[in-house]
Structures are given as structure tokens and as C-alpha cells.
Amino acid sequence: MMRIATVFGLTMTALPLLAQTPDVIIMPHDTHFEADVACADCHSDIAGSTDALSRRLPDMDVCADCHDVDDEEQCADCHTNVEEAGDYRFRAYGAALFGHRAHTERGIDCATCHDNPAAGHPVMPGKAECRACHETSDDYAGCAMCHAPDFELRPVDHDPDWIHHHGLHSRLDRDACMRCHTRSTCQECHAGDNVRPRSHDLDFAFGHALEARDHTSDCFACHADPGYCNDCHASERIMPLNHSRTDWLSLGDGGRHAEEGAFDLESCVACHDAGDAEPSCAECHGR
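Let us look at the structure shown here. (Residues numbered from 1 in each chain as written. Predicted model: local features only at pLDDT ≥ 70, side-chain atom pairs only at ≥ 80, totals over all residues. Heavy atoms only, no water.)

What follows concerns the overall build of the protein chain. What the protein chain contains, in helices and strands, is 17 helices and zero strands. Taking all 287 residues of the protein chain together, 14% fall into the buried category. Long-range pairs, those at least 24 residues apart, make up 66% of the contacts in the protein chain with a sequence separation of at least 6. Looking at the protein chain as shown, the accessible area adds up to about 22,400 Å², and 58% of this sits on carbon and sulfur atoms. (Helix = DSSP H or I, 4+ residues; strand = E, 2+ residues; numbered from the N terminus. Buried < 20%, exposed > 50% of the residue type's maximum accessible area, 1.4 Å probe, protein only. Contact = heavy atoms within 4.5 Å. Areas by Shrake-Rupley, 256 points an atom, 1.4 Å probe, with all protein chains shown as cover.)

And the structure:
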């Protein structure tokens, strides 16, 4: 009998605790959107904000412009527990230096970053949304525009062993890598013989020409600068096979190279080009 009374007493003691369900404010953005309520009607100071450190959320006075804040039935539209009504739980945004003003001054609409308000609660933009307009920089200068210096930029999946298995992830979703890294970032590490792609075996330099002709786009995935090929071929004094012909160059009619140049000058310029200056043809043919 004593045991039953003890259990009954504990149960009665726990009931008030269970009844005190914490209040959670769920703002029905879609309902407000359907009523032609603009974002700025509730978030009046958001357009001029220069950081994400403060709340920038409407208080009860703003709600009172349209709602009877003393009517519990209206309060229940947003509050899950009106009797224990609390404040909106504000979660700090990782990009503490993000400023709305720089975006609103450029005419960027709220839905561009926060999705369509008619669909429900607005989303908080992530790196993918930011990269739709902001390019990745080699020195991560773009990150410093919004992230504080002490913010941990390294993603959670980049564990201590990440360097050994990141290749698989990069092949599955290269776009995800490009949100933080550029091709030159990869090349800084993959320039050594010990971390070359698996397709680049030890004798790759001797047979890569065939691969380059059949899969040019694959080469450009890492070797995006056309000058990369030219620099290597020039330093190693490697010429196309037709350049070894005895009649390739002659002082009279120019030889075979003159015919090739007249027929397909673009192929010549692909290697013999001095950037913004005249093609290297001008060194012999004058300016």
C-alpha cells in the first residue's frame, strides 16, 4: 500500500511539469504572404542592417498593428502555448558579418535568398545560395565578407582523415568542393607525383597526347589555363610531329608551315601566341 501511494504521489508531482510545455513561436509566413503583408512590414529595420548579430525580429508592438494581442485565440496563431507564452528562440547565424543593406541596395529581393514566403517558413541561406552570386576565391577572401575571423570555416565532414578520402567525395560531388575551393587550390597539392590522378601513371607524359585529343574536357578540369600545355612543351622543346619535316621551314616560300598557317591559323596560334601582344609569327614576319 505504501508503494502504491509513493508511485501515485510521484505521478501527481510530475503532472504539473508535463503541463508546462515550453512555448514555441511558429510564424505562419505563408498566411501573412497571402494577406499581402510585405516582409518589411514586420522586419522594418532589416533593409538597413549591416550584420547578423542582433535579432531583427518583430516584437509585440509590431504584431499589435494587425492583431489583438490580448485575444488568446489570435495569440494561438503563432504561440503553441499561450498560457506559458515566451519569446522567440533566436539562433545566432553563422555569418555574423552578413549585411542585408548591401543586398537590398542592389535590388535583391528577399525571396532570392530566403525562398518563396508562400511556401512557408523562410529558409536561411547556406553556402550554395551565396555562391549563386559570390565566386570562390583562392585566399578565402570572400568568406571574410560575412564570417567573423574566429568562425570555424572547416566543414564538419572534414575530419582528420579527410585528406586521404576526399578524392572519392570530390568525384561524387565536385560542385560541393567548388563552393570553397578553386581548381588552382587542387593543383597546389596535386602538382606532385605522389598525388597525381590515377589516370596519370608513370609513363603518362609519353602517351598523354592521345588522351588529350580524346578527352580534352577532362584535361581542362585541372589544367584550365591553355598556357599550361604551352609552357611545358616549350620548356621541354617538344614540337608537333609535322614540325620535324625537313620542308617545314624554308626561306623561299616559307615551306610547309606557310601552307599550314594559311589553312588553319588557329592551330598555330594555339601555341604561338604572346597573349595580348602580336603572335610569335611577327617575330619572323615583322610587324
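As for its placement among the helices and strands, S49 is situated in the loop between helix 3 (39–42) and helix 4 (60–63). Taking relative accessible area as the criterion, S49 reaches 2% and is therefore assigned buried. There is a polar contact of 2.9 Å between the side chain of S49 and the backbone oxygen of I46. Dropping the residues within four chain positions of it, S49 is found in contact with R56, G99, H100 and R101. (Polar contact = N/O pair within 3.5 Å; in protein donor to acceptor, adjacent residues only side chain to side chain.)

This part is about the pattern of salt bridges. Proximity of charged atoms lets side chains of opposite charge pair with each other. Inspection of the entire model under this criterion finds four salt bridges. Across the pair D247 and R245 runs a salt bridge whose closest N-O atoms are separated by 3.0 Å. A relative accessible area of 35% means that D247 is categorised as partly exposed. Via salt bridges that share partners, R256, E259 and E260 belong to a single interconnected network. (Salt bridge = Lys/Arg side-chain N within 4 Å of Asp/Glu carboxyl O.)

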